[in-house]
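# A look at the structure
The lines below spell out each chain.
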Amino acid sequence: MRKIAYREALREALREEMRRDATVFLLGEDIGRYWQGAFKVTKGLAEEFGDERVRDTPISESAIIGAAVGAAITGMRPVAEIMFGDLTSLAMDQIANQAAKIHYMFGGQAKVPLVIRTPFGAGVNIAAHHSQSLEAWFMHVPGMFVVVPSTPYDAKGLLKTAIRGSNPVFFCEHKLLYPLEGEVPQEEYTVPFGVADVKREGSDVTIVATLYMVHKALNAAEELEVEGISVEVVDPRTLVPLDKQAIIDSVKKTGRLVVVSEDCKTAGVSAEIAAVVAEEAIDYLDAPIKRVAEPDTPIPFSPPLEQYVIPSEKTIMKAVKEII
Amino acid sequence: MIAEETRKLPLNLSKEKNIDLYRKMLEIRCFEEKVFELYAQNLVPGTIHLYTGEEAVAVGVCGNLRKDDYITSTHRGHGHCIAKGAQPKRVMAEILGKKTGYCKGKGGSMHIADFKVGMLGATAVVGAGLPIAMGAGLSIKLRRTDNVVACFFGDGASNQGTFHEAINMAAVWKLPVIFVCENNVYAMGTRQSTVMLVKNVADRAVAYGIPGVAVDGNDVLAVYEAAQKAVEMARKGEGPTLIECKTYRHKGHSRIDPAKYRPKEEVEDWLRNDPIKRFKERLLETNVVMEAEIQQIERKVSAEIEEAAKFAMESSYPAAEEALQDVYA
């Protein structure tokens, strides 16, 4: 099968959906023909679809999301890009109070089919305002789906599902994943929400991981294999809805759980997944649940400091060995 | 009696249109008074923000809109709903938390919408409606229809960042949005002059390169005329206008507010300047309608609002477990 990069997979999803449906349009800062997106996801799209549908905006995050909300409730399918995930804080009211609540608050009268794409993640030395992983903020807002693709295949299939749906979708990308290549079929496909993917089968311990952490978990699993430890890696692919059953099924098989997430540990993604297993599958556990996450600090700048806080293959392996 | 054709009609509007404007204002006034009455009887859960005194704004603006045009509204939004054509009985039912309300009891007084008449909803976050209205304007432009959006907000909202972001974006993209600032002098208890150096919110339009006009918001015809011009511009694709309507709420900010921060003379002045009283006097002076007709309208409106209240009171509450429905579409 052909291999393409994660950013190309996203671009293909956007292009195919824009060709298929004239109500789909993109808006965001520097996504148009001049800059083509801070991470080049929208490269070439303005040339094909024009500046109206691939719309450069002023630096006004709140109005970008508000524009998407207003357009979505009146018949369009906007895909808004927020250049860095950290900057979603500027649009938080429009995301959390407006986009996510309109369907419910108005008794189901309106649909809000919009997608907010944004990259999270540390590792490129851009410090506290451009490196966070804030998925958990959005998991805490009922009414919105939260999507976390780790591969080009998942990225394309999930983005298509997001665009075609009837609900607001918070679509998390990871800046280290953009150049990552993976198999993506030529033919049409979508990936449903709420269906986890077992990225590696194993029998001794389950690692649940998302986004870039999936790849670190897979690397750790390779190394642990050499030491005779068989690791299963489960990638939920969407945090809302969460495929609890797939996680529980894996835990039933292995009896051990390590949750790896790049966000802060307190009240984070790993806390929710650990809580689900503790609440619904504790009888299947042979050891305490381990969480590998960032310590509760802002992301520091200096390379040794930054590397210290990001979960690594080493810290993942250490956590696994503590419960084996 | 003056012959029909020699009567001086304000703004050259038809008699029907004049009556329509009067009737709508009256409908909102009666509605709000009824809400207040039901509130006093402990029938309204939560809080209320009454539109009493500001009726000329919603009615003057919406009088220029078609059914398929849009509006966005605020926490003080009952008047906007009714002016845009929502049914008072279903607005009332929503305020009472009943299943027959527009939002099935999920929204309440501060979050009412009626998408069938283009009422895209009220938001209780001050200033949050401006970007959404702008987005609806963008949608109109992309779908190439000739609709427009009227966005209601208060003087308080004009100090939010969303005011700047949304109007700038609407201006640069020439979107068909009429930004209507209902300046009722106070943002809750904070007097405008203590938080803004400019006298008119409309003066801020200069910063976005769009027309800004300040009008007497208690003169329904002044509002109507300003909105008419703005709507025409917007429909032609010539972009947004900022209209500031100077008005005053008769009651406090919300149910618990006795509004003691307002000088007595100021309140009295504004009460004398009641938009409904003024328009009625004008209609009678210009012989557009006779006193008997006015009385007939008043009786009819009053009966309709009684009927709306009865409908709302007799409606059932939603089943408790409906709380779990409608989270996702």
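Residues numbered from 1 in each chain as written. Chains lettered and ligands numbered in written order. Predicted model: local features only at pLDDT ≥ 70, side-chain atom pairs only at ≥ 80, totals over all residues.

## Description of the overall build of chain A
- A count of helices and strands for chain A gives 12 helices and 14 strands.
- In terms of overall size, chain A behaves like a compact globule, its C-alpha atoms giving a radius of gyration of 19 Å where 324 residues would be expected to give roughly 20 Å.
- Principal-axis analysis of the C-alpha atoms places the extent of chain A at approximately 55 × 45 × 40 Å.
- When each of the 324 residues of chain A is scored for burial, the buried share is 57%.
- Counted over contacts in chain A with a minimum sequence separation of 6, partners at least 24 positions apart contribute 79%. (Helix = DSSP H or I, 4+ residues; strand = E, 2+ residues; numbered from the N terminus. Rg over C-alpha atoms; globule rule 2.2 N^0.38 Å. Buried ≥ 20, exposed ≤ 12 C-beta atoms within 10 Å, placed from the backbone. Contact = placed C-beta atoms within 7 Å.)

## Some thoughts on the overall build of chain B
- Across its full length, chain B holds 10 helices and eight strands.
- Rg of the C-alpha trace for chain B: 19 Å, near the compact-globule value of 20 Å for 329 residues, within the 12% margin.
- When its C-alpha atoms are laid out on the principal axes, chain B stretches across 60 × 50 × 45 Å.
- Long-range contacts, defined as pairs at least 24 residues apart, comprise 76% of the intrachain contacts of chain B with a sequence gap of at least 6.

## A look at the sheet that holds strand β5 (residues 115–120) of chain A
All names here are of chain A.
- Reading across the sheet, the seven strands line up as β3-β2-β4-β5-β7-β6-β12 and stay open at both edges, with mixed pairing between neighbours. Here the strands that pair on one side only, and so sit at the sheet edges, are β3 (54–56) and β12 (238–240). Each strand axis lies, on average, 20° off the axis of its neighbour in the sheet, ignoring direction.
- On top of the sheet, helix α7 (residues 152–164) reaches β2 (24–28), β4 (77–81), β5, β6 (145–147) and β7 (169–174); it is set at about 160° to β7, its chief contact. (Pairing = 2+ DSSP bridges. Axes fitted to C-alpha atoms, helices over the stretch in contact; angles between N-to-C directions.)

## Let's talk about the interface of chain B and chain A
- Listed per partner, the contact involves 35 residues of chain B and 35 residues of chain A.
- Residue assignment for the side of chain B that touches chain A shows that the elements contributing at least two residues are β2 (119–122), α5 (129–143) and α6 (161–172) of chain B.
- If one sorts the elements of the side of chain B that touches chain A by residue count, α5(B) sits on top with 10 residues.
- Within the side of chain B that touches chain A, the residues separate by chemical class into 21 nonpolar, nine polar and five charged. (Nonpolar A, V, L, I, M, F, W, Y, C, P; charged D, E, K, R; others polar.)

## Describing the nonpolar core
- Counting residues in each nonpolar core, the largest one holds 196 residues, and the members touching the most others are Ile207(A), Met134(B), Ala150(B), Cys151(B), Ile178(B), Val180(B) and Ile243(B).
- The residue makeup of this core includes at least three contributed by each of domain 1 (3–183) and domain 2 (197–323) of chain A.
- Once residues within four sequence positions are removed from consideration, Ile243(B) is found in contact with Ile178(B), Phe179(B), Val180(B), Cys181(B), Val213(B), Val215(B), Ala226(B), Ala227(B) and Ala230(B). (Core = buried A, V, L, I, M, F, W, Y, C linked by C-beta atoms within 7 Å. Domains from an automatic or database assignment.)

## Some remarks on the sheet that holds strand β14 (residues 290–294) of chain A
Residues and elements named next belong to chain A.
- As summarised here, the arrangement of the five strands in space is β9-β11-β10-β13-β14, forming an open sheet in which the pairing is mixed. In this open sheet, the two edge strands, each paired with only one partner strand, are β9 (197–200) and β14. The mean angle between the axes of side-by-side strands here comes to 25°, regardless of whether they run parallel or antiparallel.
- Relative to strand β13 (residues 257–264), strand β10 (residues 205–209) runs parallel, the two sharing four bridges. Its bridge partner lying in β13, Thr-206 is registered against Leu-257.
- Sitting on the sheet, helix α10 (residues 269–280) is in contact with β10, β13 and β14, with an inclination near 155° to β13.

## Description of helix α1 (residues 6–20) of chain A
Residue and element names in this part refer to chain A.
- Given a rise of 1.5 Å per residue, 15 residues ought to cover 21 Å, and the 21 Å separating the end C-alpha atoms of α1 matches this to within 8%.
- Considered for burial, the residues of α1 that qualify are Tyr-6, Arg-7, Glu-8, Ala-9, Leu-10, Arg-11, Ala-13, Leu-14 and Met-18.
- On the buried face of α1, the contacting elements are β1 (3–5), β2, α2 (45–49), β4 and α7. (Expected span 1.5 Å × (residues − 1).)

## Some remarks on the domain arrangement of chain A
Residue and element names in this part refer to chain A.
- Partitioning chain A into structural domains gives domain 1 (3–183) and domain 2 (197–323).
- The distance between the C-alpha centroids of domain 1 and domain 2 comes to 26 Å.
- Between domain 1 and domain 2, the residue contacts involve 26 residues of the former and 25 residues of the latter.
- Where the side of domain 1 that touches domain 2 is concerned, the elements lending two or more residues are α6 (135–139), β6, α7 and β7.
- When its residues are assigned to classes, the side of domain 1 that touches domain 2 shows 16 nonpolar, eight polar and two charged.

## Focus on helix α9 (residues 275–285) of chain B
Residue and element names in this part refer to chain B.
- Buried within α9 are the following residues: Pro-275, Phe-279 and Leu-283. Relative to the axis of α9, the buried residues are bounded by an arc of 65° and lie together on one face. Across from the buried face of α9, at angles greater than 90 degrees, the exposed residues are Lys-277, Glu-281 and Glu-285.
- On its buried face, α9 is in contact with α1 (15–40), α2 (55–62) and α7 (220–235).
- Asn-287 lies just past α9 and shows a positive phi near 60°. (Arc of directions from axis to C-beta.)

## Focus on the packing of α5(B) against α6(B)
All names here are of chain B.
- Running from N to C, α5 and α6 point in directions that differ by 15°, and their axes come no closer than 8 Å. On the basis of the axis angle, α5 is roughly parallel to α6. α6 is crossed by α5, and the crossing has left-handed handedness. For the pair formed by α5 and α6, the contact residues are Leu-130, Pro-131, Met-134 and Gly-137 on the first element and Thr-162, Phe-163, Glu-165, Ala-166, Met-169 and Ala-170 on the second.
- Here the contact of α5 with α6 is composed, by residue class, of seven nonpolar, two polar and one charged. (Parallel < 35°, antiparallel > 145°, perpendicular 65-115°, else oblique. Left-handed = near helix turned anticlockwise from the far one by under 90°.)

## Some remarks on the pairing of strand β11 (residues 231–235) of chain A
Residue and element names in this part refer to chain A.
- Burial within β11 is extensive, with five of its five residues counted as buried.
- Side chains of β11 alternate between two faces, with Val-231, Val-233 and Asp-235 and Glu-232 and Val-234 buried alike.
- Direction of pairing for β9 relative to β11: antiparallel, over a ladder of three bridges. Paired with Asp-197 across the bridge in β11 is Asp-235.
- Bridge count between β10 and β11: four bridges; the pairing is parallel. Within β11, the residue paired with Val-208 across the bridge is Val-234.

## Some words on the confidence of the model for chain B
- Counting all residues, the mean pLDDT for chain B is 95, and 97% of those residues have values of 70 or more.
- We note a pTM of 0.97 for the whole complex and an ipTM of 0.96 for its interfaces. (pLDDT = per-residue confidence, 0-100.)

## Some remarks on the environment of Asp20(B)
All names here are of chain B.
- By secondary structure assignment, the location of Asp-20 is in helix α1.
- With 14 C-beta atoms counted inside 10 Å, the residue Asp-20 sits in the partly exposed group.
- For the pair Asp-20 and Val-59, spaced 39 residues apart in the sequence, the C-alpha separation amounts to 9.2 Å.

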